[in-house]
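A structural walkthrough
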Amino acid sequence: MFELRKDIFADERDDNLKEIGQPTQRQDMLGHVTGTSTYYDDHRIAGLLHLKVLRSPHAHARIRSIDDAAAARAPGVKRIIRAADVPVNLNTLLSLIQFGKDDEPSLANDIVRYKGEPILGIVATSERAAIEALGLVRVSYDQLPAVFDVEEALKPGAPSVNATYPKNTFEYHGKYDHQKLRYGDVEAGFAQADVVLEERYQMSPIEHAPVETNGSIAVPDTNGRFVVYTSTQALFFSLDTAAKINAVPSNQLHFIGGTVGGGFGGKVDTMTEPLVILAARLTGAPVRYRFSRHEEMQFGAPRGAERIYVKDGVMRDGRIVARKVRAYFDSGAYTRLSSYAVVKCVAHIPGPYTIPNAHADVYCVFTNRTPATAMRGFGVTALDFALECQMDKLAVAIGMDPIEFRILNAYRDGDMKAHRREAKNCALIECAQVAAEKANWPLREQFRRMSSRIGGGADRTAAGVDRSRAPTPAAPARTAAAAPQRVAYERPAPPAPTPPPARGAPPPPPSPPAGSTHGAPRFSSVFGTRRR
């Protein structure tokens, strides 16, 4: 049941809601539940040809020669498409908004930079004929050194992956090799802190695994126009990218999108439309290009791997006084959308918390992996995972309840963010209070009274928090001369077995872990286990 909490920010609530909380039916719902929704591949077109692509078996190699003579003579083959046939072979998606340089070829012609990079296309009367013809192509390679780790890629002497960015880092504004954030004096904050915790978080690439793989159909129309049925998530990005690569005016392309059989970010990169249009132009016939499941899993762009180091300084009374983040986004061999993900990442540091000293360096790094792309909040999702795991560990380190710890440090209206923007319409405190209420998670009275609307901005002390809102310290504050405690956070050893209770005696109650102010059951994002 949908519930509007009108007791929170009551003066900003509007009862005249047209959609929120109303039983409005989605316009595509009927087709989905009856199985009649039309996808791009449901169009049946006479004389349809099929495009398949030869892909590199190597992560990094120089192409010495390509022999496609036998493939050209194979049954059903209508056309072979080489790199020289592509009007504008180099492209990057965000060049449409003047962000980054064109660095990725539609078809490689000299060097392949990841396993699965497209080299050559074959258009045939059936997918089987095209696949069999691909097996007749002979390519000679000279393998080159490859690098697969973001930090290794930045070391002196590492193999250069992308010729457009020879130092293996994306260039921001044409001269900066990373995005950075500086606010306050982070080293002074660490020197002041009672506890300093530094952790490393590593995310793996994730394939979106849509039920419908990437694909599109291009059909020649009158007056030199082409109708394109596509599964893209970004219709106008795909239209403009295809027009650029084919060197045709965008009004010569009529893109028809609509129902997408699963995307989640994996159908943003315009991976099939430019080549299928080129194939239709070269043959004068309608052409379909769709990924097999193997291609989708092996060569479709995944969410990129991210490595994040977080170092925090916290006082015994719960105030975070310094946060330092160093992160690396594995872009794979080409830019795609990772450079933008880095900008989003830096914009979200230090999370939804008022921290007086913040410092961040975030890099978009090229490796010989499959190029990465968007996926469900990319740039922020992994960072949030790292920061919230860090918050749990900090709460344990100072012996404080993790929700109360978050409430204490949360943005309040009027606070200055690390990006020098005033925080407005904050609601983390209220969200945490409602979540605790729904989960029967006890909060102390002073935390139940706190609000995002008061105590921010000028009400905070120079140290970055209104001390009247701080909890009772868990331990006496150290003297100015004392060194901060360095926390090495390890998974706890399994508890030693306890002897069984005497016959007839009740079992002893479980003891709450350090840092817990109550015995409510909860799932730990630190340990990955349910505990009390």
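Before going into details, it helps to say that this report is about the structure given with it. (Residues numbered from 1 in each chain as written. Predicted model: local features only at pLDDT ≥ 70, side-chain atom pairs only at ≥ 80, totals over all residues. Heavy atoms only, no water.)

Topic: the overall build of the protein chain
Heads up, the rule is: Helix numbering and strand numbering both begin at the N terminus, where a helix is a DSSP run of H or I of at least 4 residues and a strand a DSSP run of E of at least 2. Each residue gets one of three labels from its accessible area relative to the maximum for its type: buried under 20%, exposed over 50%, partly exposed in between, using a 1.4 Å probe on protein chains only. We call two residues contacting when some pair of their heavy atoms lies within 4.5 Å. Accessibility throughout is a Shrake-Rupley quantity obtained with a 1.4 Å probe, and a residue counts as covered only by protein chains that appear here.
Regarding its fold elements, the protein chain presents 13 helices and 20 strands. Looking at the protein chain residue by residue over its 532 residues, the buried ones come to 52%. Sequence-distant contacts, at least 24 apart, represent 78% of the contacts inside the protein chain between residues at least 6 apart. If you sum the accessible surface of the protein chain, you get close to 25700 Å²; carbon and sulfur atoms cover 54% of it.

Brief notes about the sheet that holds strand β6 (residues 111-112)
Hydrogen bonds along the backbone pair up the strands of a sheet, which may run parallel or antiparallel. As a reminder, the rule being used: DSSP-based pairing: two strands are paired if at least 2 bridges between them are found.
Read across the open sheet, the three strands follow the order β6-β2-β8; overall the sheet is antiparallel. In this open sheet, the two edge strands, each paired with only one partner strand, are β6 and β8 (138-143). Sheet topology places strand β2 (residues 61-67) next to β6; two bridges connect them, and they run antiparallel. Looking across to β6, one finds that Arg62 is bridged to Ile111.

Comments concerning the packing of helix α6 (residues 235-246) against helix α7 (residues 273-283)
Note the cut-off: Axes here refer to lines fitted to C-alpha atoms; in helices the fit is confined to the stretch in contact. Angles between the N-to-C directions go from 0 to 180 degrees. Roughly parallel means an angle under 35 degrees; roughly antiparallel means over 145; roughly perpendicular covers 65 to 115; every other angle is labelled oblique. What makes a crossing left-handed is the near helix being turned counterclockwise from the far one by less than a right angle; a clockwise turn instead makes it right-handed. All amino acids are sorted into three groups, where Ala, Val, Leu, Ile, Met, Phe, Trp, Tyr, Cys and Pro are nonpolar, Asp, Glu, Lys and Arg are charged, and the leftover types, Gly among them, are polar.
Where α6 meets α7, the axes come as close as 9 Å, and the angle between the chain directions of the two elements is 50°. What the angle tells us is that α6 and α7 run oblique. Where α6 crosses over α7, the handedness of that crossing is right-handed. In this structure, α6 uses Ser238, Ala242, Ile245 and Asn246 to contact α7, whose residues at the interface are Glu273, Pro274, Ile277, Leu278 and Arg281. Each residue belonging to the contact of α6 with α7 can be placed in one class, and the counts come to five nonpolar, two polar and two charged.

So, the side chain of Thr272
Counting through the fold element by element, Thr272 comes out in the loop between β13 (253-256) and α7. Among the residues examined, Thr272 registers a relative accessible area of 2% and is labelled buried. Ignoring any residue separated from it by four or fewer positions in sequence, one finds Thr272 in contact with Asn214, Gly215, Ser216, Tyr289 and Phe291.

Some words on the sheet that holds β13
As summarised here, the arrangement of the seven strands in space is β3-β7-β1-β14-β11-β12-β13, forming an open sheet in which the pairing is mixed. Across the chains shown, the open sheet's two edge strands, defined by having one partner strand only, are β3 (77-81) and β13. Averaged over all pairs of adjacent strands, the angle between their axes in this sheet comes to 20°, without regard to strand direction. The strands touched by helix α3 (residues 127-134) are β1 (49-55), β3, β7 (118-124) and β14 (287-290); relative to β1, the strand with the most contacts, the crossing angle is about 25°. The strands touched by α6 are β12 (226-230) and β13; relative to β13, the strand with the most contacts, the crossing angle is about 150°.

Regarding the pairing of β1
Among the seven residues of β1, seven are classified as buried, and the element is accordingly described as predominantly covered. Every second residue of β1 is oriented toward a common face, with Leu49, Leu51, Val53 and Arg55 on one face and His50, Lys52 and Leu54 on the other, all of them buried. As defined by bridge partners, β1 adjoins β14 across two bridges and the pair is classed as parallel. The partner of His50 across the bridge, within β14, is Arg288.

Remarks on unusual backbone geometry
Only a minority of non-glycine residues have a phi that is not negative, and only a minority of peptide bonds are not trans. With omega at 15°, the peptide bond leading from Ile349 into Pro350 counts as cis. Mapped onto the fold, Pro350 is located in the loop between α9 (338-348) and β17 (358-366). The phi dihedral of Ala247 is positive, around 55°, even though this residue is not glycine. Positionally, Ala247 belongs in the loop between α6 and β13. Judged by its relative accessible area of 51%, Ala247 falls in the exposed class.

Brief notes about the nonpolar core
How we decide: For our purposes a nonpolar core is just a set of buried Ala, Val, Leu, Ile, Met, Phe, Trp, Tyr and Cys residues, chained together by side-chain atoms within 4.5 Å. Source of the domain bounds: an automatic or database domain assignment.
Leu181, Ile308, Val310, Val325, Leu337, Ile349 and Val362 are the most contacted members of the largest nonpolar core, which totals 46 residues. Contributing elements (two or more residues each) for this core: α4 (150-153), β9 (179-183), β15 (306-314), β16 (320-332), α9, β17 and α10 (381-398). Here the element with the most residues in this core is β17; it accounts for seven residues. Inspection of this core shows a minimum of three residues originating in each of domain 1 (49-144 + 208-298) and domain 2 (146-204 + 303-399). Residues in contact with Leu181, not counting those within four places in the same chain, are Val346, Ile349, Ala358, His359, Ala360, Ala418 and His419. In terms of nonpolar packing, the next biggest core, distinct from the first, is built from 29 residues, Ile81, Val123, Phe226 and Ile277 among them.

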